[in-house]
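Spelled out, the chains give:
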Amino acid sequence: MNLLIGNLNIHFGEQHFLGPLAANFGMGHLNLVVGRSGCGKSTLLKLIAGFHKDYTGAISIDEEYFDPQGKVALAFQNPESLFFNDTVFEEIAYAIKSTSDKKINIESNVNEWMKKWGLDPEKYSNKYPFHLSGGEKRRVALAACTILKPSIILLDEPLAGLDRDGQRDLSAIINSLVNDHIVIVVTHEPELLLKEDTQVLYIGSEQVIQLSSQEFLTNAVMKPEFYPLPDWYRNSVAPYSEKFYLPMVNAQDVFDFLEQAKNEPDNQ
């Protein structure tokens, strides 16, 4: 399944805001959207979800007309701020109970989805959502936003405000969803989510382009103004960026990369 965007231009009234933009968001890998603050990342998610309708261009799914109704879940930043139920189970079950489909087994669906988001039903179902840790709250909130298991999951800064352990755990869960859903994530910290097969839609001041993770890393390392990766990463791999396939942005991958690079014949 692929969500195709062609020659998209986003407007606010008579003002042109973003575009032209072309992208192919697919399953089987994570899709990131990155760029400076205010460049239109969140507006693009709202457009895909059907909330922003002032645009020209084409959006299709597997080359057929795309109607977002019932196919998309959008989670805004800090979704846990919208908690209003007394238990984790009720918070996640609310969306299912709001549908008219009486054939859905609520308990089994909620339990299954809780496990998908790293929440043991026996441990968490009866807990008060506001008594959880920051990472646990975020997982409950995202589970609640996506419990209807849509084809397309849109997440706006899902890692924002979490500690490193929370970011790591949630990154792994988000990456685990890609085989069954098109997952599109807006983020200011792409290095936390990047994997070898990740696709990156880069919204720059002069260009909007979709890149592989390797293309994104190479551009960001060779041209610091392109995107601000962590200094420790850029300084470590920059001497080898023109000759080697760059590692993902984590300490172990970089260590292994440097060991291999030092042992290459050209560096001896």
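The rules behind each value
Residues numbered from 1 in each chain as written. Predicted model: local features only at pLDDT ≥ 70, side-chain atom pairs only at ≥ 80, totals over all residues. Heavy atoms only, no water. Pairing = 2+ DSSP bridges. Helix = DSSP H or I, 4+ residues; strand = E, 2+ residues; numbered from the N terminus. Axes fitted to C-alpha atoms, helices over the stretch in contact; angles between N-to-C directions. Contact = heavy atoms within 4.5 Å. Parallel < 35°, antiparallel > 145°, perpendicular 65-115°, else oblique. Left-handed = near helix turned anticlockwise from the far one by under 90°. Nonpolar A, V, L, I, M, F, W, Y, C, P; charged D, E, K, R; others polar. 1 Å grid on protein atoms, 1.4 Å probe; cavity = no way out; pocket = protein on both sides within 12 Å on 5 of 7 lines; lining within 4 Å. Points joined across faces, edges and corners; volume = space filled by probe spheres on them. Buried < 20%, exposed > 50% of the residue type's maximum accessible area, 1.4 Å probe, protein only. Phe/Tyr/Trp six-rings, centres within 6.5 Å; stacked < 30°, edge-to-face > 60°.

Q: Explain the sheet that holds strand S10 (residues 208-212) here, please?
A: Read from one edge to the other, the open sheet built from six strands follows the order S6-S7-S8-S3-S9-S10, with strand pairing classed as mixed. Looking at strand neighbours, the two that pair on one side only are strand S6 (72-75) and S10, the edges of this open sheet. Taken over all neighbouring pairs, the strand axes of this sheet differ in orientation by 20° on average, direction set aside. With five bridges joining them, strand S9 (residues 199-203) and S10 adopt antiparallel strand pairing. Residue pairing in the sheet places isoleucine 203 in a bridge with valine 208 of S10. Taken strand by strand, helix H5 (residues 134-146) contacts S6 and strand S7 (152-156), and its axis lies near 150° from that of S6. The strands that helix H7 (residues 213-222) touches are strand S3 (31-35), S9 and S10; relative to S10, the one it contacts most, it runs at about 110°.

Q: How should the packing of helix H2 (residues 88-97) against helix H3 (residues 106-116) be read in this particular structure?
A: Each pair of packed helices can be described by the angle between their axes along with the distance between the axes. Their axes nearest at 10 Å, the elements H2 and H3 cross at an angle of 120°. Relative to H3, the element H2 is oriented oblique. As H2 runs across H3, the sense of the crossing is right-handed. Counted together, Val88, Phe89, Ile92, Ala93, Ile96 and Lys97 of H2 and Ile106, Glu107, Asn109, Val110, Asn111 and Met114 of H3 form the full contact between these two elements. When its residues are assigned to classes, the contact of H2 with H3 shows eight nonpolar, two polar and two charged.

Q: Before we go on, may I ask you to explain the layout of surface pockets in this structure?
A: It is the rolling of a water-molecule-sized probe over the atoms that shows where space remains empty. A volume near 980 Å³ is recorded for the largest pocket. Forming the boundary of the largest pocket are 38 residues, of which Ala49, Phe51, Val72, Ala73 and Leu74 lie nearest the centre. Ranked by the residues each element gives to the lining of the largest pocket, the list is headed by strand S4 (residues 55-61), at four residues. Counting residues per element, the ones that place at least two in the lining of the second largest pocket are helix H6 (164-176) and helix H9 (251-263). Tallying contributions element by element places H6 first for the lining of the second largest pocket, with six residues.

Q: Could you clarify how one ought to interpret unusual backbone geometry in this entry?
A: Excluding glycine, residues mostly have negative phi values, and the peptide bonds linking residues are mostly trans. Residue proline 20 is reached from glycine 19 by a cis peptide bond, and omega for that bond is 0°. Mapped onto the secondary structure, proline 20 falls in strand S2 (residues 15-26). Within the chain, asparagine 7 stands out as a residue other than glycine whose phi angle is a positive 50°. Topologically, asparagine 7 is positioned in strand S1 (residues 2-12). The backbone of glutamate 63 sits at a positive phi, close to 65°, despite the residue not being glycine. Residue glutamate 63 is classed as exposed on the basis of its relative accessible area of 70%.

Q: Before we go on, may I ask you to explain the environment of glutamate 196 in this structure?
A: Its place among the elements puts glutamate 196 in the loop between strand S8 (182-186) and S9. Residues glutamate 196 and leucine 246, spaced 50 residues apart in sequence, show a C-alpha to C-alpha distance of 9.7 Å. With residues near it in sequence (within four places) discarded, glutamate 196 still touches Ser213, Tyr245 and Met248.

Q: Please explain the packing of aromatic side chains as it appears in this structure.
A: Centre-to-centre distance and the angle between the planes together describe a pair of aromatic rings. Here the structure, examined in full by the defined rule, presents 11 aromatic pairs. Ring geometry for tyrosine 240 versus phenylalanine 244: centroids 6.0 Å apart, planes at 65°, classification edge-to-face. Per residue, the accessibility class of tyrosine 240 equals that of phenylalanine 244, and both read buried. Taken together, Tyr202, Phe216, Phe226 and Tyr227 form an aromatic cluster joined through their ring pairs.

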